Amino acid sequence: MKRLISFNILLVVFFLFTSMNVFGKNVVKDYFPKNWWTGMKYNNILVSIEGTAISSSNIQISHSSVKLNKVILTKVPSLVFLDLEILANATPGVVPINIYQSGRLQQSINFTLTAKNKNFNTEKLSSSDAIYQVVIDRFINGDSENDQPEGYFEKPDNASISGIHGGDLVGITSKLDYIKEMGFTAVELSPIYESNQFSHSYYRNEITNHYKLDKRFGSFADLNIFRQNCKASNIKYIQNLVLHESSYIHHIFGKSIIKGWVIPMELNIDYSDKNHYLSDPYNDQDLIPYQYYKDNITTSQLINQDAPISKQYLIQNTIWWIEKCMPDAIKICETHLNKTHFIAELLKEINTNFPSLQIVTDLNTKDQDRLANYSKHIPSDLSVFNYDYPIHHTLRNSFSEYISAEEGVNLLLENLSRDFNYKQPENQVVFIDNSISSRAYNIADKDPGIVQMLYTYILTNRGIPSILYGSEYLLQGSNQRGVDYVRGAFPDKSNMSSNVLKTHKYISDVLNWRLNKTVLQRGNTKHYNPKNGIYAVLRYNSNSDILIVYNNNTSHQKIDLTSISNVSNKYSKAINPISKISYTNLSNVLLDPKSAIILEFE
């Protein structure tokens, strides 16, 4: 009987060891990626392997689906890269990677091949959309069970403006009905990479592992449920990707790993504002580190996109995330901090593998010519949407009481008149605030009238309006104190002032009205020279004429619409579609101080 029990124990131990594929000592600490897909055009990939004396190991693959081209050694004995080719006739399944030392098989790790998603059908962004920007950690905590996963350094701290607050994918999914009811048609998620830092890890742009979803956001199953619910609600999913930086404790790009893969901060250099590299046609972009390190804390570092391994790693990782997440569009965070030739090569690969995927760029510049110059490096066959920073920077001052009413609206006229820089002005994403700028309420000097003017402008202008979560509730935050103050918690609706509720309703009313107005989505634009602080913009097509008038004065103004636009002579009345007020005397319209009015002619 004892002999039978001993035999059974031996069997259990044998099966445990064989399921782990460990035959000698455990050599491999970890490896990434652990999977790829069959049927992908991008089929030459790098697999990083970290482990004890891995550089002196004999690594072999004997499989009909994968060819090991070479083992790439690094200056670190514990890190190698495998150059793999996924063959054209590859089939889904497990590919063993065998590690030998001293002629003996020490360990076998499994690399999984999965069939490429056949139902990857993206919904294209267009000027009929409206985007809701979400910083995941600061939104809704839908699953408290993932707040403190094992192995993560930073613990939840809702009391700290820079701490982990616990927002997650389950929380966002629970709010999709609210987002849709508000009138939004797209959700833009902040980065979702693992950022296992000791502090300031809530935004997840300081990446510690490019191939891991941060467990505090949930799982890939949660992400898939979110995506499926977006599809069911006709909401488009935009995913932010970070390609230019990582954490200083990144498992590969960490400071102590290999020189040349990152561009470190030099302590003896003055990283002053030298953003003209965006428009200088003779600059080799060596000034990017200056622009980066003047704005970033030292827990992050700039990745060298000229280093061959870094470049391939980043492009491959982008392909991996797109296939894994299946978003409708990706946004390249802080696009201006990426090399133009790298972006061009990346977008070419994306277009080859995912021709229906939309690209959104994030070029922080005040000037249209700089934005247009950078855009020239983007392949011409791609439909790319740009966050319109020139308009954003203009809106920060246009309605302010610190400049004259006339000067303010002239800034708007001048900005919009430079749309000749863009091939498709309707592909500009117009916004007041985002996760690095001051909140709209702060930009408006906490004046409800100016808030209404700002939102009227972005919701009726050409392009795609984009609003940061919580700003519809007048959430406050000034980036002069730091971006952490901008990314406050999604507000509790139980104690809202009348001004907050009025603003929230106005934004929702205009968004929902805009959903059915092709004249705003795809119509023509004409604007008129400001006079006495009054600025008017006409949106029109063959069926409709809508005039938006801005009174930038601090006093009431009576205006004659017939003297502003000849279009008004064709009509007997106009109606404000939001307030439902009718205007039958178009030569005598009273405007409130610091206000905007929408007039739909009938």
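Higher on the page you've got the structure.
Residues numbered from 1 in each chain as written. Predicted model: local features only at pLDDT ≥ 70, side-chain atom pairs only at ≥ 80, totals over all residues. Heavy atoms only, no water.

(A) Main features of the overall build of the chain. What the chain contains, in helices and strands, is 15 helices and 29 strands. Counting across all 602 residues of the chain, residues that qualify as buried make up 57%. Of the contacts formed within the chain by residues at least 6 apart in sequence, a portion of 72% connects residues at least 24 apart. Taken as a whole, the chain presents about 25600 Å² of accessible surface, with 50% of it coming from carbon and sulfur. (Helix = DSSP H or I, 4+ residues; strand = E, 2+ residues; numbered from the N terminus. Buried < 20%, exposed > 50% of the residue type's maximum accessible area, 1.4 Å probe, protein only. Contact = heavy atoms within 4.5 Å. Areas by Shrake-Rupley, 256 points an atom, 1.4 Å probe, with all protein chains shown as cover.)

(B) Representation of the sheet that holds strand β24 (residues 545–551). Read across the sheet, six strands follow the order β22-β23-β24-β29-β26-β27 without closing on themselves; strand pairing throughout is antiparallel. Of all the strands in the sheet, just β22 (524–531) and β27 (582–583) have a single pairing partner and so form its edges. The pairing of strand β26 (residues 574–575) with strand β29 (residues 595–601) spans two bridges and is classified as antiparallel. Each bridged residue has a counterpart across the sheet, and for Ala574 the counterpart in β29 is Phe601. (Pairing = 2+ DSSP bridges.)

(C) Representation of empty space enclosed by the protein in the model. On inspection of all chains with the given rule, the structure shows four cavities of 30 Å³ or more. Volume-wise, the largest cavity comes out at about 70 Å³. Along the walls of the largest cavity sit Gln133, Val134, Val135, Glu188, Leu189, Ser190, Tyr203, Asn240, Lys331, Asn434, Ser435 and Leu468, which together make up its complete lining. Of all the secondary structure elements, the ones that give two or more residues to the lining of the largest cavity are β9 (131–134) and β10 (186–189). Classifying every residue of the lining of the largest cavity by side-chain character gives five nonpolar, five polar and two charged. (1 Å grid on protein atoms, 1.4 Å probe; cavity = no way out; pocket = protein on both sides within 12 Å on 5 of 7 lines; lining within 4 Å. Points joined across faces, edges and corners; volume = space filled by probe spheres on them. Nonpolar A, V, L, I, M, F, W, Y, C, P; charged D, E, K, R; others polar.)

(D) Local environment of the packing of aromatic side chains. All told, the structure shown has 28 aromatic pairs when counted by the stated rule. Taken together, a centroid distance of 6.1 Å and an interplanar angle of 45 degrees make the contact between Trp36 and Tyr42 tilted. Given a relative accessible area of 0%, Trp36 falls into the buried group. For Tyr42, a relative accessible area of 10% puts it in the buried group. (Phe/Tyr/Trp six-rings, centres within 6.5 Å; stacked < 30°, edge-to-face > 60°.)

(E) Structural context of the pairing of strand β23 (residues 534–540). Summarising burial for β23: six of the seven residues are buried, a large majority. Here β22 runs beside β23; their pairing, made up of six bridges, is antiparallel. Its bridge partner being in β23, Lys531 is matched across the sheet by Ile534. Connecting β22 to the next strand, β23, in antiparallel fashion are two residues, including Asn532 with a positive phi near 55 degrees. Here β23 runs beside β24; their pairing, made up of seven bridges, is antiparallel. Counterpart to Tyr535 in the pairing with β24 is Tyr550.

(F) Here's a closer look at helix α7 (residues 340–353). Here α7 is 14 residues long and its end C-alpha atoms lie 20 Å apart, about the 20 Å a rise of 1.5 Å per residue gives. Those residues of α7 that fall on the buried side of the exposure criterion are Thr340, Phe342, Ile343, Leu346, Leu347, Ile350 and Asn353. Buried residues of α7, viewed axially, fall in a sector of 155 degrees; they line one side. (Expected span 1.5 Å × (residues − 1). Arc of directions from axis to C-beta.)

(G) Structural view of the pattern of salt bridges. Taken as a whole, this structure holds 20 salt bridges when the rule is applied. The salt bridge involving Asp137 is made with Arg138; its shortest N-O contact spans 3.0 Å. Under the relative-accessibility criterion, Asp137 is labelled buried at 2%. Between Glu602 and Lys573 there is a salt bridge whose closest N-O contact spans 3.6 Å. Here Glu602 is found in the segment after β29, whereas its partner Lys573 is found in the loop between α15 (561–564) and β26, with 29 residues between them in sequence. Owing to a relative accessible area of 46%, Glu602 belongs among the partly exposed residues under this scheme. The network of salt bridges with shared partners includes Asp137, Arg138, Arg204, Asp214 and Arg216. (Salt bridge = Lys/Arg side-chain N within 4 Å of Asp/Glu carboxyl O.)

(H) How the structure looks around the side chain of Arg216. Note on placement: Arg216 falls in the loop between β12 (209–213) and α4 (220–232). Overall, the relative accessible area of 2% leaves Arg216 in the buried class. Here Glu154 takes part through its backbone oxygen, which lies 3.5 Å from a polar atom of the side chain of Arg216. Within the structure, Arg216 has its side chain in polar contact with the side chain of Asp214 (distance 2.9 Å). (Polar contact = N/O pair within 3.5 Å; in protein donor to acceptor, adjacent residues only side chain to side chain.)

(I) Structural context of the packing of helix α9 (residues 389–398) against helix α10 (residues 405–417). Two elements in contact, α9 and α10, have axes separated by 9 Å at closest approach and are oriented at 170 degrees. Taken together, α9 and α10 sit at an angle that is classed as roughly antiparallel. Between α9 and α10, the contacting residues are Pro390, Ile391, Thr394, Leu395, Asn397 and Ser398 on the first element and Gly408, Val409, Leu411, Leu412, Asn415 and Leu416 on the second. Residue classes in the contact of α9 with α10 are distributed as seven nonpolar, five polar and no charged. (Axes fitted to C-alpha atoms, helices over the stretch in contact; angles between N-to-C directions. Parallel < 35°, antiparallel > 145°, perpendicular 65-115°, else oblique.)

(J) Examining the layout of surface pockets more closely. Considered as a void within the structure, the second largest pocket measures approximately 650 Å³ in volume. Lining the second largest pocket are 24 residues, with Gln452, Lys502, Tyr506, Asp592 and Ala596 positioned closest to its centre. Secondary structure elements with two or more residues in the lining of the second largest pocket: α12 (448–460), α13 (498–514), β28 (589–591) and β29. Class assignment for the residues of the lining of the second largest pocket results in twelve nonpolar, seven polar and five charged.

(K) Highlighting the nonpolar core. Formed by 145 residues in total, the largest nonpolar core has its most connected members in Trp36, Ile49 and Phe111. With nine residues, helix α6 (residues 308–325) is the single largest residue contributor to this core. For Phe111, the contacting residues outside a window of four places in its chain are Pro33, Lys34, Asn35, Trp36, Ile45, Val47, Leu84, Ile86, Gly93, Val94, Val95 and Ile97. By size, the runner-up hydrophobic cluster in this structure holds 17 residues, among which are Tyr528, Val589, Leu599 and Phe601. (Core = buried A, V, L, I, M, F, W, Y, C linked by side-chain atoms within 4.5 Å.)

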